[in-house]
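Coordinates in review
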Amino acid sequence: MNGNRNDDDLVALASTPVAAGLLDRLHRQLEQQAEAAGLVDIAYTTVDSPVGKLLLAATPEGLVRVAYASEDHDQVLEALGQKLSPRILRAPKRLDEAAREIDEYFARSRRTFDLPLDLSLSRGFRRLVQTHLPEIGYGETRSYRDMAELVGSPKAVRAVGTACATNPLPIVVPCHRVLRSDGTYGGYIGGTAAKTALLNLEAA
């Protein structure tokens, strides 16, 4: 009985404004010390957006991942730890510029992103396609066939679709602007609703 009551008291204490403020200060100190010591290979934060909460992750090279809530942020972080480095820390300040540009995009005051990007999660043909996606202008669309021809592989329409559907940097690298030849949407890492929202945003 006493053990349960003590546990309840600890939970209640941790939820008080004073305790929450203390935890925030301790985390900021940890963040600063880890950054200063060069112990953070991947910094991440989450931001709210009209298409739901987004996970932003960056390496020293640049923004490496934008993930929708539907992808399960915990699983995304686990995958980053396995593929890139286990030295991951929530460090919002390193993502300030990325968060600002994404906010500006959704406010319709930004049409292109100026962020440094880390494309190390993609390889080969997928990376080639994703490198060319920013060439599709704001409010414009291209077909998978158009993109296949653009990258010099006109028969690789299905592979282009896969490259778009597995893009680790949706929104910033605009795979939502690629449609099937008949105008239907095709696969999108954030789901049809998110793709529709982005296309409607740019068309407005």
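What counts, and where the lines are drawn
Residues numbered from 1 in each chain as written. Predicted model: local features only at pLDDT ≥ 70, side-chain atom pairs only at ≥ 80, totals over all residues. Heavy atoms only, no water. UniProt positions renumbered as here; feature names shortened; annotations may be inferred. Helix = DSSP H or I, 4+ residues; strand = E, 2+ residues; numbered from the N terminus. Buried < 20%, exposed > 50% of the residue type's maximum accessible area, 1.4 Å probe, protein only. Contact = heavy atoms within 4.5 Å. Areas by Shrake-Rupley, 256 points an atom, 1.4 Å probe, with all protein chains shown as cover. Polar contact = N/O pair within 3.5 Å; in protein donor to acceptor, adjacent residues only side chain to side chain. Pairing = 2+ DSSP bridges. Core = buried A, V, L, I, M, F, W, Y, C linked by side-chain atoms within 4.5 Å. Axes fitted to C-alpha atoms, helices over the stretch in contact; angles between N-to-C directions. Parallel < 35°, antiparallel > 145°, perpendicular 65-115°, else oblique. Nonpolar A, V, L, I, M, F, W, Y, C, P; charged D, E, K, R; others polar.

As recorded in an unreviewed UniProt entry, the chain goes by the name Methylated-DNA--protein-cysteine methyltransferase, listed as coming from Amycolatopsis albidoflavus. In UniProt, the chain has this text filed under Function (unreviewed entry): "Involved in the cellular defense against the biological effects of O6-methylguanine (O6-MeG) and O4-methylthymine (O4-MeT) in DNA. Repairs the methylated nucleobase in DNA by stoichiometrically transferring the methyl group to a cysteine residue in the enzyme. This is a suicide reaction: the enzyme is irreversibly inactivated." Listed under Sequence similarities (unreviewed entry) in UniProt, the entry text for the chain is "Belongs to the MGMT family."

A word on the overall build of the chain
When helices and strands are counted, the chain shows 8 helices and 6 strands. Moving toward the C terminus, one meets the helices and strands of the chain in the order α-α-β-β-β-α-β-α-α-β-α-α-β-α. Here the chain holds 204 residues, and the buried ones make up 42% of them. Looking at the chain alone, contacts between residues at least 24 apart form 60% of all its contacts between residues at least 6 apart. Counting every atom, the chain has about 11,200 Å² of accessible surface; 52% of that belongs to carbon and sulfur.

Observations regarding the side chain of His-132
The topology assignment puts His-132 in helix 5 (residues 124–132). There is a polar contact of 2.7 Å between the side chain of His-132 and the side chain of Glu-135. Those residues in contact with His-132 that sit more than four places away from it in its chain are Met-147, Leu-150 and Val-151.

Here we look at the pairing of strand 1 (residues 42–47)
Most of strand 1 is tucked away: 5 of the 6 residues are buried. Relative to strand 4 (residues 88–90), strand 1 runs parallel, the two sharing 3 bridges. In the strand pairing of strand 4, Ile-42 is matched with Ile-88. Judged from the 5 bridges that link them, strand 1 and strand 2 (residues 54–59) form a sheet pairing that is antiparallel. Of the residues in strand 2, the one forming a bridge with Val-47 is Leu-54. Where strand 1 hands over to strand 2, the hairpin turn is made up of 6 residues, of which Gly-52 adopts a positive phi near 100°.

Re the nonpolar core
Leu-54, Leu-56, Leu-63, Tyr-68, Phe-106 and Ile-171 are the most contacted members of the largest nonpolar core, which totals 43 residues. Of all the elements in the fold, those that place two or more residues in this core are strand 1, strand 2, strand 3 (62–68), helix 4 (96–106), helix 6 (144–150), helix 7 (157–165) and helix 8 (192–203). The element that contributes the greatest number of residues to this core is helix 4, accounting for 5 residues. Residue contacts for Tyr-68: discarding those within four places in its chain leaves Val-51, Lys-53, Leu-54, His-73, Pro-170, Ile-171, Tyr-188, Ile-189, Gly-190, Ala-194 and Leu-198. Counting residues in hydrophobic clusters, the runner-up holds 9 residues, among them Ile-42, Ala-57, Ala-67 and Leu-80.

Here we look at the packing of helix 5 against helix 7
Contact geometry of helix 5 with helix 7 gives a least axis separation of 9 Å together with a crossing angle of 75°. Between helix 5 and helix 7, the crossing angle belongs to the class labelled roughly perpendicular. Residues Phe-125, Arg-126, Val-129 and Gln-130 of helix 5 pack against Ala-159, Val-160, Thr-162 and Ala-163 of helix 7. Taken together, the residues of the contact of helix 5 with helix 7 sort by class into 5 nonpolar, 2 polar and 1 charged.

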